[in-house]
Amino acid sequence: MSQHVPSAWYADFFTELPNEFWRQAVPPQATAAEVDFIEERLGLTPGSRIVDVPCGSGRHALALAARGHTVTGLDISAEAINHAGRAAAAAGLDVAFRRADMRDVPPDGFDAAICMGNSFGYLDLAGTRAFVAALAAAVRPSGGLVVDYNAAAETVLPGYTGEDRTMRAGDITVAATTVYDVAHSRLVSGYRFTRGAEEVAVTALHHVLTCAQIDDLLTGAGFVDIAHYGGPEGEPFRLGAPRLLITARRR
């Protein structure tokens, strides 16, 4: 698998078949637990203004809107945004879905910003710094932030083997091969999605950062009260934990 992957790989990755896999793969109870975590940790009350970026097919945005929040969802995938819009209309929910790069967050004084689903590691260090700055500009003073990140160094590196994986969701199968690119501190993952006679082969990058690096990016952008959790139940983040959930507030 070539490690020469365009830095904006995500612009073309999320077509219908990859998106549909993730729509089928995540059970509703997982979304509910994550939304509970967002509301409780940030102290959100109904009517809070929230920006979800990138929002994917809208599972968090729709769930938050159903709980009475005013939600804006941004994503670069036209297919995901169109699907989210149709889902909102079918559920009678008013959610502002818009196609945009994850760094193009409107500075509208939101009560909270969320970045869920492991999208935080898509960009290189300079891009991630720009993204964090955009999130800080988007929320009001004392506004909240939740970041979901599965590529923290403390998660990825302990016991890393790079073994191939096969995943299934509904009628879709995914064969995944991952290489750790030591020189650039990133995971280079090849995915082959199949559904019947359909097949899509794509490559993704996930840049690996330590907790200290993430804290430094957030602090530099004006976030304070940074906390690390190992999951939506609120357990502490520890070495080898499978995911990192971060909460913070804008200074």
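In the block above lies the structure referred to throughout.
Being a predicted model, the structure only gives us computed values, none of them experimental.

S.K.: Give a description of the sheet that holds strand β3 (residues 96–99) that names residues and reports values.
M.R.: An order of β3-β2-β1-β4-β5-β11-β10 is seen for the 7 strands of this open sheet, with the pairing classed as mixed. Bordering the open sheet on either side are β3 and β10 (223–229), each of which pairs with just one other strand. Neighbouring strand axes in the sheet, compared pairwise and without regard to direction, differ in orientation by 15° on average. Contacts from helix α5 (residues 78–91) reach β2 (70–75) and β3 within the one sheet, and its direction differs from that of β3 by about 165°.

S.K.: Any details on α5? Residues and values, ideally.
M.R.: Compared with an ideal rise of 1.5 Å per residue, which puts 14 residues at 20 Å, α5 spans 20 Å between its outermost C-alpha atoms and is within 8% of the ideal. Residues of α5 that are buried: Ala 80, Ile 81, Ala 84 and Ala 88. Down the axis of α5, the smallest arc covering the buried residues is 95°, so these residues share one side. Turned more than 90 degrees off the buried face of α5, the exposed positions are Arg 86, Ala 89 and Ala 90. Tucked inside the fold, the buried residues of α5 contact α2 (16–25), α4 (59–66), β2 and β3. Where α5 ends, the next residue or the one after it, Gly 92, has phi of about 70°, a positive value.

S.K.: Please set out unusual backbone geometry residue by residue, giving values where relevant.
M.R.: Note: most peptide bonds trans; most residues except glycine with negative phi. With omega at -15°, the peptide bond leading from Val 53 into Pro 54 counts as cis. Within the secondary structure layout, Pro 54 lies in the loop between β1 (49–52) and α4. Of note in this structure, Asn 118 is not a glycine but carries a positive phi near 70°. Relative to the helices and strands, Asn 118 resides in the loop between β4 (110–115) and α6 (125–138). One non-glycine residue, Asp 225, adopts positive backbone phi at about 55°.

S.K.: If you had to explain the packing of aromatic side chains to someone new, which residues and values would you point to?
M.R.: Applying the stated criterion to the full structure yields 16 aromatic pairs. Aromatic pair Trp 9 and Phe 14: ring centres 6.2 Å apart, planes at 45°, arrangement tilted. Side by side, Trp 9 and Phe 14 carry an identical accessibility label, which is buried. Taken together, a centroid distance of 6.3 Å and an interplanar angle of 50° make the contact between Phe 120 and Phe 131 tilted. Here the residue Phe 120 occupies a position in the loop between β4 and α6, and Phe 131 occupies one in helix α6, the gap between them amounting to 11 residues.

Cut-off values and rules
Residues numbered from 1 in each chain as written. Predicted model: local features only at pLDDT ≥ 70, side-chain atom pairs only at ≥ 80, totals over all residues. Heavy atoms only, no water. Pairing = 2+ DSSP bridges. Helix = DSSP H or I, 4+ residues; strand = E, 2+ residues; numbered from the N terminus. Axes fitted to C-alpha atoms, helices over the stretch in contact; angles between N-to-C directions. Contact = heavy atoms within 4.5 Å. Expected span 1.5 Å × (residues − 1). Buried < 20%, exposed > 50% of the residue type's maximum accessible area, 1.4 Å probe, protein only. Arc of directions from axis to C-beta. Phe/Tyr/Trp six-rings, centres within 6.5 Å; stacked < 30°, edge-to-face > 60°.

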